[in-house]
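# Structural description and commentary
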Amino acid sequence: MKLRMGRASRLIATVFVLTTVMAGPTVAHHARSGYDLSKTVTLKGIITRVEWTNPHALLFFDVTNSSGHVQNWHAITGGPSRLSRFGWTGDTLKVGDIVTITGNPTKEGTSEIWLDRITLPGGREVVMHR
């Protein structure tokens, strides 16, 4: 009887630990809380990298300011499943594509933006909040 109770206790402890570990990332995800939703920024840039990953795809792009200085930015979007609802695939954007991105900047003023809309090469605008 002692042996069975020991196995049952270990099984319960293992299930508890795995459930807790797996729930951690879900609880830690705060979506747009780090972005200033009262401000909108529009940037024109050249795509340097696209990460088609969950929970958010990332678009990295270079923006050249009026004095010729290049600044690296990245835009955070919904995940691939959300983007696919707007007709995107992993090949929609390629390195070198020129895009115009509009969205909310971070509250800290970093070079990151929460994507609201993007004008793709060819002029098609995709609004992400429908």
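For the structure given in this document, a descriptive report is provided here. From a predicted model like this one, the values you see are computed outputs, not experimental measurements. (Residues numbered from 1 in each chain as written. Predicted model: local features only at pLDDT ≥ 70, side-chain atom pairs only at ≥ 80, totals over all residues. Heavy atoms only, no water.)

A tally of helices and strands in the protein yields two helices and six strands. Going from N to C terminus, the protein has its helices and strands arranged as α-β-β-β-α-β-β-β. Sorting the 130 residues of the protein into buried and exposed places 32% on the buried side. Contacts spanning at least 24 positions in sequence make up 53% of the contacts within the protein whose residues lie at least 6 apart. Surface exposure of the protein reaches about 8500 Å², of which carbon and sulfur atoms provide 60%. (Helix = DSSP H or I, 4+ residues; strand = E, 2+ residues; numbered from the N terminus. Buried < 20%, exposed > 50% of the residue type's maximum accessible area, 1.4 Å probe, protein only. Contact = heavy atoms within 4.5 Å. Areas by Shrake-Rupley, 256 points an atom, 1.4 Å probe, with all protein chains shown as cover.)

Moving on, we come to the pairing of strand E4 (residues 98–105). Working note: regular strand, side chains alternate between the two faces of the sheet. Burial analysis of E4 places six of its eight residues in the buried class, which makes it a mostly covered element. Summarising the sheet, strand E1 (residues 41–51) and E4 pair through six bridges and their orientation is antiparallel. Within E4, the position partnered with Leu43 by the bridge is Ile101. Strand direction decides the pairing type here: E4 and strand E5 (residues 112–119), joined by six bridges, are antiparallel. Residue pairing in the sheet places Thr100 in a bridge with Thr119 of E5. Here E4 folds back onto E5, and the loop between the two strands holds six residues, one of which, Gly109, carries a positive phi near 80 degrees. (Pairing = 2+ DSSP bridges.)

Once that is clear, we can look at the environment of Ser33. Its place among the elements puts Ser33 in the loop between helix H1 (2–28) and E1. Note on Ser33: relative accessible area 45%, which makes it partly exposed. Along the chain, Ser33 and Thr106 lie 73 residues apart, while their C-alpha atoms are 9.0 Å from each other.

Let's shift gears to the nonpolar core. Leu59, Phe61, Trp88, Leu93, Ile101 and Ile118 are the most contacted members of the largest nonpolar core, which has 20 residues in total. For Ile101, the contacting residues outside a window of four places in its chain are Val41, Thr42, Leu43, Leu59, Phe61, Ala75, Ile113, Leu115, Arg117 and Ile118. Tyr35, Leu58, Phe60 and Trp114 belong to the second largest nonpolar core, which has five residues in total. (Core = buried A, V, L, I, M, F, W, Y, C linked by side-chain atoms within 4.5 Å.)

Our next topic: the side chain of Asn104. Turning to its location among the elements, Asn104 is positioned in strand E4. Residue classification places Asn104 among the buried positions, given a relative accessible area of 7%. Engagement of the side chain of Asn104 in a polar contact is seen with the backbone oxygen of Lys39, the distance being 2.8 Å. (Polar contact = N/O pair within 3.5 Å; in protein donor to acceptor, adjacent residues only side chain to side chain.)

Looking now at the environment of Thr40. Its place among the elements puts Thr40 in the loop between H1 and E1. Given a relative accessible area of 60%, Thr40 falls into the exposed group. Remark: the alpha-carbon pair of Thr40 and Asp116, spanning 76 residues in sequence, is separated by 8.9 Å. In this structure, Thr40 is in contact with Thr102, Gly103 and Asn104, ignoring residues within four places of it in sequence.

Considering the arrangement of structural elements, one finds Asp36 in the loop between H1 and E1. Each C-alpha atom of the pair Asp36 and Asn104 lies 5.9 Å from the other, and the pair is 68 residues apart in sequence. Not counting residues up to four positions away in its chain, the partners in contact with Asp36 are Asn104, Pro105, Thr106 and Lys107. Within polar-contact distance, the side chain of Asp36 engages the side chain of Ser38 at 2.5 Å.

Function-wise, these values are silent; they only describe arrangement.
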